[in-house]
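Survey of secondary and tertiary structure
Spelled out, the chains give:
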There are 2 protein chains.
Amino acid sequence: MQETVSLNLEMLEEAVEARDGSGLLRVVESLHYADIARFQESLSDHDEVEFLVRIIGPVKYASVLAELPEELVESSLYCFNTTDKRLLFAELSDDDLTDVLRALSEVKRSEMLGILGRKDKELVRALLRYDEDTAGGWMTTQIGRVSGDMTVKKALESLRVNLESTDTLSRIFVVSDEGKLEGRIRLRDLAFNTWDTPISDITYSEEHPILATADQEEVAMTFKKYDATIVAVVDESNRLLGVVTHDDAMEIAEQESTEDMEMIAGLSGEQSESSYLYTTVFTHFKRRFWWLLGLAFLAVASGYVMLRFENVLSGIYLLSLFLPMVIAAGGNTGGQAATMVIRAMALGELTPSDSAKVAWKEFRLGALLGSLLAVTIFIVCAALLPVFRAPLPDGVSYLAFGFAVSLSLGLQVMFSTLIGALLPLLARSLKLDPAVIAAPAITTVVDAIGMVIYFVTAQAILGL
Amino acid sequence: MQETVSLNLEMLEEAVEARDGSGLLRVVESLHYADIARFQESLSDHDEVEFLVRIIGPVKYASVLAELPEELVESSLYCFNTTDKRLLFAELSDDDLTDVLRALSEVKRSEMLGILGRKDKELVRALLRYDEDTAGGWMTTQIGRVSGDMTVKKALESLRVNLESTDTLSRIFVVSDEGKLEGRIRLRDLAFNTWDTPISDITYSEEHPILATADQEEVAMTFKKYDATIVAVVDESNRLLGVVTHDDAMEIAEQESTEDMEMIAGLSGEQSESSYLYTTVFTHFKRRFWWLLGLAFLAVASGYVMLRFENVLSGIYLLSLFLPMVIAAGGNTGGQAATMVIRAMALGELTPSDSAKVAWKEFRLGALLGSLLAVTIFIVCAALLPVFRAPLPDGVSYLAFGFAVSLSLGLQVMFSTLIGALLPLLARSLKLDPAVIAAPAITTVVDAIGMVIYFVTAQAILGL
């Protein structure tokens, strides 16, 4: 199946290059709009984009536009004249229309609001008021509303009249005269009940409505926890505003995972809506540079420690053989612990109130990891260094040297595990995103600590 | 709302501790089964678990059992006698039942298959044959089937008769006599059409069925791409086997993200189904130890380079001030690039066939990042080192020193960016999971390279 898609995409490319309008229309017929959007993203020549967009036409292009990365929306929309733009807007659901307008510059946005009908304009204005990352920002208001005192017959009739979009039929809610959410009914109960059944008899209570101002993370969690297909969005007085659908929830969950992953890796700023290949080098650059620069300066702290302990290192130069190992082990174990804790928080398994439990768990883990690594390295040192006749100054035995190295390794792993696990919890309790404590930052901090541990331990045990 | 849940959970805890059966039943009434499962996970005393499970009773407990982490399934199920187990099984959908049986030891599994009815046993046996991580492993067979030559009236009657589960009504498929998938119909079209409408008139083609043997990643991608609510699962001859639903897709996407995140952080083995706090220290330990140990040995390579260049470092000891910076910058930028590429592949934006494009993009990025960092550090060296009268041997100027440091920094960043981006692509083209190239492994490799770059550059420019 994937092969058919690739084949069709190749044909589409040929049709665009040859400016073959009828060929293009034929192949577009057999492609999904998501695939067409991905194809458009790969075009770099604006003439080609314009040809593609215009030939597809406003009505069919509406679904493609809704799938495009924000950056491409404006130029694509403006391939159409005003009449066509109106046709296109009429095809979009209210949440997609809002997203399209959100992607425009402010001037263009008010221009576009101007060409909408009065009702649509009001609706979109209301939706634009919600922050993009909230339940309100994701919701659609296209739902079926019935009242509890109707019969099945009356409800079916009222739904048939108000049938703006076929989607609404899977979202039928029972609301009071003041618009308050009373519950939900299922299409099947309308279909399989006698016409005089009162709606109130087949109303289910809506157990987990969500506030329009709730963060999108909460929306995704609600879907996950209750295996929901749709979630009702209400205002503070429980008035029904709209619904968020499961495909939005999936997109939110994916966005949040990507965001966490990127933050952990030390990428700053928001992820681009364009895919990796079509994001400009400069955009990538901006997201990577600042952490790199900050961390570079931070790393000078480790360098300073190394400089201060010149006498120790030059006294026993063999210490440099294990220096990178001790330092890196701290960064690695700290990064592991941080990732575990950050992910557990994102999945709702942990909150800062669990900090003591996390600390106790990671303390034992760090001790276990640290001692096992230390013992292993001690054995390796004791067994192999004499074989290679590794150079040590007089009065320093291989055993003492191995002991110093492995003790500092153990300590470094213990400390780093604890620091890596607790910093994200600290961030969360300071109301920051826990993933803001990027793993490289943890690594850099524990590097400096490890440097101190290494040299101080060596100094104390080997007497330098 | 979240507060009501917490309050209820507290009441539940009190009821369990006081062995207050009627109090427990009252509070269970107002809790979602997912919350009860999470609560049960937090119990450490088996007597308490047994009390909770038995009081809830087999019928209500079925949904809780389906939400439990694998490790807890067997002991919970065995709180019931055989009759109750049968009652419980009857409440589970076929995919949940299969998952429950999958969680049991082999002996217990055949014991449980023994108490199932003939039809269920066959069904579950068939489902157990599919690997857990495939479309077949996730699917449910509870769907509505009609034939294209029926009328709406006939279809409604046949659905009413075969109505095993209310869920099936949102999944009505048209199949041929041999069971081949012909398309899908929507309940609304049955409800809003006259009784003599032929089913073939209201049949939609099912555009993206998926093979039962397809990997779960492909399932999640299909849902995402087509904003699907359900996806049909077929065998090689296009015979309809079942469906995967959107809540499963969300769970798959989440599992895959967690897996990638953990692999990137250098955690091995499968994630535990228990949440972070209820996973034993030893389980955590096993997942972290092996990478740490391997990386510790790998890091000795860097140490060896340092040992070999003893003369350079002892010649200009000031080099140690910037050594950690140059080394770490490589690891950080390599980790960023790797994360970007791994995530882009997971989202289906990249395949190994794009390697050349990725290489060209990351080469320019690395050059840009490397030169900007190098220039910054050069200015800092040139401006600040003389102020602090940093000690340099005769014949080495601050400018030359700064040039050596910043040149090696730039080179290290360039190489590391490229290595970090290309290693995951290489892994994928070797049919490995790209995230298997954990960021700590990349860091360790580029550390050693950075060490060489640093000392060789210093030697060449400062003439040691």
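Position numbers for residues count from 1 along each chain, tracking the sequence in the order it is written. Labels follow written order: the first chain is A, the first ligand is 1, and so on. Where local features are concerned, this predicted model is filtered to residues with pLDDT of at least 70; where side-chain atom pairs are given and counted, the filter is 80 or more; whole-chain, interface and lining totals use all residues.

For chain A, the count of helices and strands is 21 helices and 6 strands. Two things to know: the radius of gyration comes from C-alpha atoms, and the globule rule equals 2.2 Å times the number of residues to the power 0.38. Taken over C-alpha atoms, the radius of gyration comes to 31 Å for chain A, far larger than the 23 Å a tight globule of 464 residues would show. Projected onto the principal axes, the alpha-carbon positions of chain A cover approximately 95 × 60 × 45 Å. Exposed residues have 12 or fewer other C-beta atoms within 10 Å of their own C-beta, buried residues have 20 or more, and residues in between are partly exposed; the C-beta atoms are placed from the backbone. Taking all 464 residues of chain A together, 44% fall into the buried category. To qualify as a helix, a DSSP run of H or I must reach at least 4 residues; to qualify as a strand, a run of E must reach at least 2; elements of each kind are numbered from the N terminus.

A few words now on the relation of the copies chain B and chain A. The copies were overlaid by least squares, fitting only the C-alpha atoms of residues that reach a pLDDT of 70 or more in each copy. With an RMSD of 0.1 Å, the operation that places chain B on chain A is a rotation of 180° combined with a shift of 0.0 Å along the axis. This pairing of chains is accounted for by a two-fold axis. Here, residues touch in the contact sense if the C-beta positions derived from the backbone fall within 7 Å of one another. When the interface residues of chain B are mapped onto chain A, 99% of them again fall at the interface, so both copies present the same face.

A separate point is the interface of chain B and chain A. Chain B puts 84 residues into the contact, and the matching count from chain A is 84 residues. Among the secondary structure elements, those contributing two or more residues to the side of chain B that touches chain A are α13 (187–191), α14 (216–226), α15 (246–264), α16 (281–308), α17 (310–315), α18 (319–346), α19 (355–387) and α21 (439–462) of chain B. The element contributing the most residues to the side of chain B that touches chain A is α16(B), with 17 residues. Of the residues belonging to the side of chain B that touches chain A, the class tally is 47 nonpolar, 20 polar and 17 charged. Residues are grouped as follows: nonpolar covers Ala, Val, Leu, Ile, Met, Phe, Trp, Tyr, Cys and Pro; charged covers Asp, Glu, Lys and Arg; every other residue, Gly included, is treated as polar.

Residues and elements named next belong to chain B. Spatial strand order, β4-β5-β6: 3 strands in an open sheet with mixed pairing. The two strands at the open ends of the sheet, each matched to only one other strand, are β4 (210–211) and β6 (240–245). As paired elements, β4 and strand β5 (residues 230–234) share 2 bridges and run parallel to each other. Across the sheet, the residue bridging to Ile210 is Val233, located in β5. In the packing of α15 onto the sheet, contacts are made with β5 and β6, and the angle to β6 comes to roughly 65°. Pairing between two strands is assigned when DSSP locates at least 2 bridges connecting them. Geometry is summarised by axes, namely lines fitted to C-alpha atoms with helices restricted to the contacting stretch, and by angles between N-to-C directions that run from 0 to 180 degrees.

Here the focus is the nonpolar core. What makes a nonpolar core is a set of buried Ala, Val, Leu, Ile, Met, Phe, Trp, Tyr and Cys residues, with links drawn between C-beta atoms within 7 Å. Membership of the largest hydrophobic core comes to 144 residues, with the highest contact counts inside it found for A:Val341 and B:Val341. Among the nonpolar cores identified, the runner-up in size contains 76 residues, and A:Ala232, B:Leu159, B:Ile199 and B:Ile252 belong to it.

Another aspect to go through is the sheet that holds strand β5 (residues 230–234) of chain A. Two orientations exist for strands paired in a sheet by backbone hydrogen bonds: parallel and antiparallel. Residues and elements named next belong to chain A. The strand order across the open sheet built from 3 strands is β4-β5-β6, with neighbouring strands paired in mixed fashion. Strands with a single pairing partner mark the edges of an open sheet, and in this sheet they are β4 (210–211) and β6 (240–245). Sheet analysis places β5 next to β6, joined by 5 bridges and oriented antiparallel. Residue Val233 lies in a different strand from β6, and its bridge partner there is Gly242. In this fold helix α15 (residues 246–264) packs onto β5 and β6, with an angle of close to 65° to the strand it touches most, β6.

Now for the domain arrangement of chain A. The extent of an interface is frequently quoted as the accessible surface area lost upon association of the parts. On domain assignment, one finds that chain A holds domain 1 (2–129), domain 2 (144–248) and domain 3 (276–462). For the purposes of this description, domain bounds are those given by an automatic or database domain assignment. Relative to domain 3 of chain A, the C-alpha centre of domain 2 of chain A lies at a distance of 53 Å.

All names here are of chain B. Residue Arg19 is not a glycine yet carries a positive backbone phi of 50°. In this fold, Arg19 is placed in the loop between α1 (2–17) and α2 (21–29). Arg19 sits in the exposed class, given 12 other C-beta atoms within 10 Å. A positive phi angle is found at Asn238, which is not glycine, with a value near 65°. Looking at where Asn238 falls in the secondary structure, it is placed in the loop between β5 and β6.

This part covers the pairing of strand β2 (residues 172–175) of chain B. Residues and elements named next belong to chain B. Across 3 bridges, strand β1 (residues 144–146) lies against β2 in parallel orientation. Within the sheet, the bridge partner assigned to Arg145 lies in β2 and is Phe173. Across 4 bridges, β2 lies against strand β3 (residues 181–185) in antiparallel orientation. Note on β3: the bridge partner recorded for Val175 is Leu181. Once β2 ends, the chain turns through 5 residues before running back antiparallel as β3, passing Gly179 with a positive phi of about 85°.

A word on the packing of helix α20 (residues 398–429) of chain B against α21(B). All names here are of chain B. Remark: α20 packs on α21, axes separated minimally by 9 Å, with the N-to-C direction vectors making an angle of 150°. As judged from the angle between their axes, α20 and α21 are roughly antiparallel. For the pair α20 and α21, the crossing hand works out as right-handed. Grouping the constituent residues of the contact of α20 with α21 by class yields 18 nonpolar, 6 polar and no charged. Angle categories are assigned with fixed cut-offs, so that under 35 degrees is roughly parallel, over 145 is roughly antiparallel, 65 to 115 is roughly perpendicular, and the rest are oblique. Two helices crossing with the near one rotated counterclockwise from the far one by less than a right angle form a left-handed crossing, whereas a clockwise rotation gives a right-handed crossing.

Residues and elements named next belong to chain A. Put simply, helix α18 (residues 319–346) and helix α21 (residues 439–462) touch, their axes get as near as 8 Å, and they point 140° apart. What the angle tells us is that α18 and α21 run oblique. Here the hand of the crossing between α18 and α21 comes out right-handed. The segment α18 lies against α21, with Leu319, Leu323, Val326, Ile327, Gly330, Gly331, Gly334, Gly335, Ala338 and Thr339 engaging Ala439, Ile442, Thr443, Val446, Asp447, Ile449, Gly450, Met451, Tyr454 and Ala458.

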